[in-house]
Each structure stands twice: as structure tokens, then as C-alpha cells.
Amino acid sequence: MSALARLNPRHWSLGFKGGAIIVASLALLVGSAATSYTLERNTAAATADMLRTMQAQADIQRLHTQIAEAATGVRGYLLTGRDDFLVPYHIAAEQLPATLASLQARAVDPEQLASLARITPLLRKKLASLNLMRGQRNASTAELQEHLLSSKQILDQLRTEIGVMNLREAALVEQRTLTLQQASNRNLWMAMIVIGAGMAGAMATLTFTLGLVRRVRLAAENAERLSNDLPLKPTPSTTDELGQLADRLHQASVLLAGRASAAQAASRAKTEFLARTSHELRTPLNAILGYAQLLEAGLREPREREHAEHIRQAGQHLLSLINEVLDIGRIEAGKLTLACVPVALAPLLDEAMMLMAPLARQRGVLLRHDHAGIEVAVLADRQRLLQALLNLLSNAIKYGPRDGIVALHLAPGDELAAIHIDDNGPGITPSLRTRLFAPFDRLGAERGKTEGAGLGLAVSKALMQAMGGDVILHDRPGPGSRFTLTLPLATNAGATDEADQQEPADQPAPAAAVPATSASTHHLLCVEADPATRTLVATLAQRRPHWRVTTVADAAAGLAVAQAEQPDLVLLAANLADAKWLALPGTVVLLGSDANHDIAHFAHLAKPLDIPAFFALLDSHGKST
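**Examining the packing of aromatic side chains**
- With the rule as written, the count across this model stands at one aromatic pair.
- A centroid spacing of 5.9 Å and a plane angle of 55° characterise the contact between Phe614 and Phe615, whose relative ring orientation is tilted.
- We classify Phe614 as buried; its relative accessible area is 0%.
- The ring centre of Phe615 lies 4.5 Å from the NZ or CZ of Arg544, which sits over that ring.

Have a look at this one:
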């Protein structure tokens, strides 16, 4: 920054600005106090001079009066011979020295002092003349006239000097009156200047304070916007402490934006990794679960059947975990596809309670519900809503006490329907509630014996929010917890009910087994890149001898076989399907659930294979043909 730019007050530090305002205010206060003191002293001095001048005028007048009274008293005594005429003379003789001394003490003007110097001897001569005349009452007329004439000459000189003093005192009074008026005017102007400077200082302080408050509020707002990942508002270009804070907030926003971009890239990479890994895990699980079901169905020894059942259950648990991880990845990537339609809640709740009944019996938990007779429909994806319900009911059963109670209540409102799930377990402490819906956080339950990965609640909440609802944990007195699922009510009166809920295309209804014949009468084509899946399909088809199986690894070869041999049924991996398979005369069933919108109308068969559903598919097509 250049030296000229540094002189700009915008770049001064707040401490320097505040100090400058305080110093300026103090200097103004001290200056005004000193000026007021000086003006007051000048005014007092002018006032004192004025009073002294007026008192001098009074002394001069008193001196003239006393001289005149003394002369009058002596003349009266000489004319009448009575002593009472001498009383004014005696009083004047006593007071004249004091009056003269007072006048000398008050006189500071050189001209007045000179006049006093001339008056003093004349006054003494006058008193001496009067005293001499008083003793010449019996003198001749000529002598008296001579003395009277001489005394009159002295009196005339005194009157002349006193008149000069009066004129000078009048001039001094006028001069000092003007000085006093000027001092008063200076006081008035100084007071106005002090008031103006004080107001200017107050305005400067107010402007500085308001600007400081505005910038602090802007910094606080930008800090809030930074925490909410919003763009910052522009700030003034300054280099003081608040300017440095604004620069640091801007740098932090840039850094956070970079980190957010990196986090989003990492999240996308994680989602892609989860998707690839989950698909890779599902492929061997297809064989594991398929052969486990075959083993379990073919074994007769209870111990061996129990072992095969453990394999199947462990594989299904791993499959559910993989599905939940996939759901989390799809939700985070915004690729979760939902088909929200009006769904009747009462049949759905009955289905959820039925599916949870085996787990509840295993733990001795009593399931209660009170939604009988309540006809209400919500806008939701039925499969995903059932998934969220099962997650919450499973948690209530697993984490509650044995021989406990889990109750389900349906409470329709004006715009939302609420499904309450209550348990009498230990509840969730307030300190753990902020972590309740975090993925992979089991809130300390990982140290117990209950299985889980900490994904059920996170997936359920994300699914409900994607459908326009939510999952909420309520505060309630005493032990236990209440979770509430909310969903918007369906406006369409034609909501699907239990009779309308057809079995999905990838779950065909079981059909009666077709009796085996000695020769193959039906042809099954399996197009699947995974060799374990092809082997499993071929092995399962051996249980239906009237089906002949052809397995192909790639889509082009499979399409050529299908066009040449026209099989009755084609099992096609969903990731290999495209619109070319629509022209085939036989039925095409996709393995898996990764179909795109162009081929979504094909029937589906779940993968890993559900053995009963697979046999039901073969039997239904064998019977129909």
C-alpha cells in the first residue's frame, strides 16, 4: 500500500481512530474550559474596572460636595456668628482626607493620578483658608473680602480640576462599558463555538459508532452466512481490524468453497465406489444365497439344515446391509427413484405388523395396533414406506426389553398423516439425540449383542423426506421412545388399497408345480456375464427336467441365440438389456433392478435369486405354454 493511501482514515486501525476521537474530544473540552476561564477572568476584570470607575466617580462627586459644604458653613458662620453653621465644616474637614485617600486608592489612570496630584495641595490650601476665615469673624470688611476672594480662587481651581476628573471618569466609564460589552460578546461567541464544536464532535463520534456497529453486524451476518454455506455480502475496502476480519472471512469462504468442492468430489467418488463395490458384493451373494437355499431344501438332518439356514440368514443380513449402503449412496447422489402414488395406510400397516411378527415372537414382544377402521391414504412409494416402517419397528423390537410392548398408532390430520411407533425401552438420552440419524452411528449399541450397522434410521429419515414426510423422535416423560413417521395425505380419492396392491413383477405369485416329464419341452435362455449366476440358474433348472437351459455370457451372443432358437423364457441381466429385446416373441425377465426407463416395463426377478420365486416363474411359464 502506498504512503498516500495509508493517510486515508479508512486504513487507520480502530484503536487509532477511537484514540483520535477521544483525544480530540478531550482537547476540545480542555480548550473550551481554558478559553471560558480566560474569558471569565477578562469579564471579571472589566467588571471590576467598571465598578472602580463608578466608585471613583462617586468619590469625586463626594469630594466636590464636601468642599462646597465646608465653604458654605464657614460663610454662614461669618455672617451670623452662630457656631451651628460650622457643623458641615467640621464634618467635611474630617471626611475630606478619607474621601481623598479612597479616590487615590481607586485611581489607576495616569491622567486621573495627575489630576489628584494637583487637587491635593489645592484641597489643603482650601481647608487652611477656611480655617483662617473662621478665626476672622471680627476682622474688617476689607480683610474678609480679601480672604473670601482668595478662598474663591482656590475653590474655582478645585472645581476645575474636579471637572477634569469627572470628564476623564466619564470617558473611562464609556471605555470600560465598551470593554465589558466586548467581553460579553466574546463569551457569547465562544459559547456558540464550543456548542458547535461539541455537536460536531458528537456527530463524529455517533458516525464512527454507527459505522462501527454496522460493520460489526455485517461481519456477524457474513459469519452466519459462512456457517450456512452462503455467499458473503460485500464489505468496505479497509485495512483496520474489521477490514482484516472481513478479509479473513472471505479467505475462509474461499477455503470452505474449495473444501466443499473437494468434499462433493469425494462424496461422488465414495458413492460411485459404494455402487461398484455393492454390485460386486451382490454378485457372489447371488451364488451364496442360491446354493444355501438349495442346501437347506435338500438336507434332511436337522443339524445340517440348521447350518445351511445360518448360511442363508447370514447372507441375507449381508444383502440387507449392502442394500442399505446402496440406498445411502443413491440418496446422497440424488439418484434415488421414487414412484409416489396414493397408498392406503391400513393394509400397509397390517403387512408391516405381519412381517415383524416372527421377530417379535422370538423376543417375546407384544405388538399392538389401533388403526382398524381408519381409511386414510398418503402419497408415497409403497415399497420405500414399508422399508422405513420395518426399520423402525425392527429397532423398537430389538432395542426394547424382552417381553416388552411395541404399539403402532395411526393419526390422520388435516394435511398430514402420522404413524406413531411407541416402545417401553430405555429411551434415548438428550445428549445422543443429535447423533440419532447419523449414518453408521449406533449410539454405543455396537458394544452390545444386537446386530446392526447404524444405517436403518438414517435411510428411513432420508426416504421419508424424499417422499415429502419426515421421521421425528418425540420427547416423552418416563422410559421408552416414540418415533413418528409423517406423510402428506393423498388428494386422489382412488388410493390404492390392499386389493389393488398387486404382487410386483419381480415377485410372481407361486403357481402349482408342473409335473416333470421325461423330455425337455421348454427352453430357458440365461444371458448373464457372471459365471456363478449362470451355473446357479442351470443347477436350479435341473429341478425342472422339462426345461432345457442355454447360458450365454454376453448380450450380442444371447440376442443371436434368442432370435435363432426363440426360447420360451429369457433371463437377462438388467445391465445388458436394451430395446432390441422387445422384438423377441418369448418372455424376457430381467435379473436385478438396474433397468433404465427405456426397458423398465420388463418383468423383474430379484437378484440374488429368490429360489421359490424362480421356480414359480418357471412353473407359471411351463403351465401357460
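**As for the pattern of salt bridges**
- The final tally for this structure, using the stated rule, is eight salt bridges.
- A salt bridge links Arg303 to Glu306; the shortest N-O distance between them is 4.0 Å. With Arg303 and Glu306 both in helix α7 (residues 302–333) and three residues apart, the pair spans about one turn of that helix.
- On the basis of relative accessible area, Glu306 is assigned to the partly exposed category, the value being 34%.
- Where Asp619 meets Arg544, a salt bridge forms, and the shortest distance between an N and an O atom there is 2.7 Å. Within this pair, whereas Asp619 is found in helix α14 (residues 611–624), its partner Arg544 is found in the loop between α12 (531–541) and β9 (547–552), the two being separated by 75 residues in sequence.

**Here we look at helix α11 (residues 456–466)**
- Counting buried residues along α11, nine of its eleven residues qualify, which places the element largely inside the surrounding structure.
- The set of residues buried in α11 consists of Gly456, Leu457, Ala458, Val459, Ser460, Lys461, Ala462, Leu463 and Met464.
- One or two residues past the end of α11 sits Gly468, with phi positive at roughly 90°.

**Concerning the sheet that holds strand β4 (residues 405–412)**
- Ordered by their spatial adjacency, five strands build an open sheet running β2-β4-β5-β7-β6, and the pairing between neighbours is mixed. Across the chains shown, the open sheet's two edge strands, defined by having one partner strand only, are β2 (366–369) and β6 (470–474). With direction set aside, neighbouring strand axes in the sheet form an average angle of 20°.
- When β6 meets strand β7 (residues 481–488), the two strands line up antiparallel, connected through five bridges. The residue bridging Ile472 from the neighbouring strand is Thr484, located in β7.
- Docked against the sheet, helix α8 (residues 345–363) engages β2, β4 and β5 (416–423), running at close to 175° with respect to β2.
- Running over the sheet, helix α9 (residues 382–399) touches β2, β4, β5, β6 and β7 and is turned about 25° from β5.

**A closer look at the nonpolar core**
- Of all hydrophobic cores here, the largest spans 36 residues; its most connected members are Leu345, Leu385 and Leu485.
- Within the residue set of this core, elements represented by two or more residues are α8, β3 (377–380), α9, β4, β5, α11, β6 and β7.
- Once residues within four sequence positions are removed from consideration, Leu345 is found in contact with Val376, Val378, Leu385, Leu410, Ala417 and Ile419.
- Core analysis: the next-biggest nonpolar cluster, separate from the first, contains 27 residues, Val74, Leu78, Leu96 and Leu155 among them.

**A closer look at the side chain of Asp530**
- With respect to the helices and strands, the residue Asp530 is situated in the loop between β8 (522–527) and α12.
- Within the structure, the side chain of Asp530 is placed 2.6 Å from the side chain of Thr533, a separation counted as a polar contact.

**Quick word on the environment of Ile60**
- You can see Ile60 is positioned in helix α2 (residues 14–80).
- Separated by 42 residues in sequence, Ile60 and Ser102 place their C-alpha atoms 9.8 Å apart.
- Discounting residues that sit within four places of it in the chain, Ile60 has contacts with Leu103, Gln112, Ile162, Met165, Asn166 and Glu169.

**Here we look at the confidence of the model for the chain**
- With 82% of its residues at a pLDDT of at least 70, the chain reaches an overall mean of 77.
- Taken as a whole, residues 492–518 scores under 50 in pLDDT and shows 42 contacts with residues more than four places along the chain or in a different chain.

**Describing the packing of α8 against α9**
- Direction vectors running N to C along α8 and α9 enclose 30°, while the axes themselves pass 10 Å from each other. The two elements α8 and α9 cross, and the hand of that crossing is right-handed. Here α8 contributes Leu345, Leu348, Leu349, Glu351, Ala352, Met353, Leu355, Met356, Leu359, Ala360 and Arg363 to the contact with α9, which in turn contributes Arg382, Leu385, Leu386, Leu389, Leu390, Leu393, Ser394, Ile397 and Lys398.

**Here we look at unusual backbone geometry**
- Even without glycine at this site, Asp403 takes up a positive phi of about 60°.
- Relative to the assigned elements, Asp403 resides in the loop between α9 and β4.
- The residue Gln566 is not glycine, and still its phi comes out positive at about 50°.
- Within the secondary structure, Gln566 sits in the loop between α13 (555–565) and β10 (569–573).

Conventions we followed
- Residues numbered from 1 in each chain as written.
- Predicted model: local features only at pLDDT ≥ 70, side-chain atom pairs only at ≥ 80, totals over all residues.
- Heavy atoms only, no water.
- Phe/Tyr/Trp six-rings, centres within 6.5 Å; stacked < 30°, edge-to-face > 60°.
- Buried < 20%, exposed > 50% of the residue type's maximum accessible area, 1.4 Å probe, protein only.
- Lys NZ or Arg CZ within 6 Å of the ring centre and 35° of its normal.
- Salt bridge = Lys/Arg side-chain N within 4 Å of Asp/Glu carboxyl O.
- Helix = DSSP H or I, 4+ residues; strand = E, 2+ residues; numbered from the N terminus.
- Pairing = 2+ DSSP bridges.
- Axes fitted to C-alpha atoms, helices over the stretch in contact; angles between N-to-C directions.
- Contact = heavy atoms within 4.5 Å.
- Core = buried A, V, L, I, M, F, W, Y, C linked by side-chain atoms within 4.5 Å.
- Polar contact = N/O pair within 3.5 Å; in protein donor to acceptor, adjacent residues only side chain to side chain.
- pLDDT = per-residue confidence, 0-100.
- Left-handed = near helix turned anticlockwise from the far one by under 90°.

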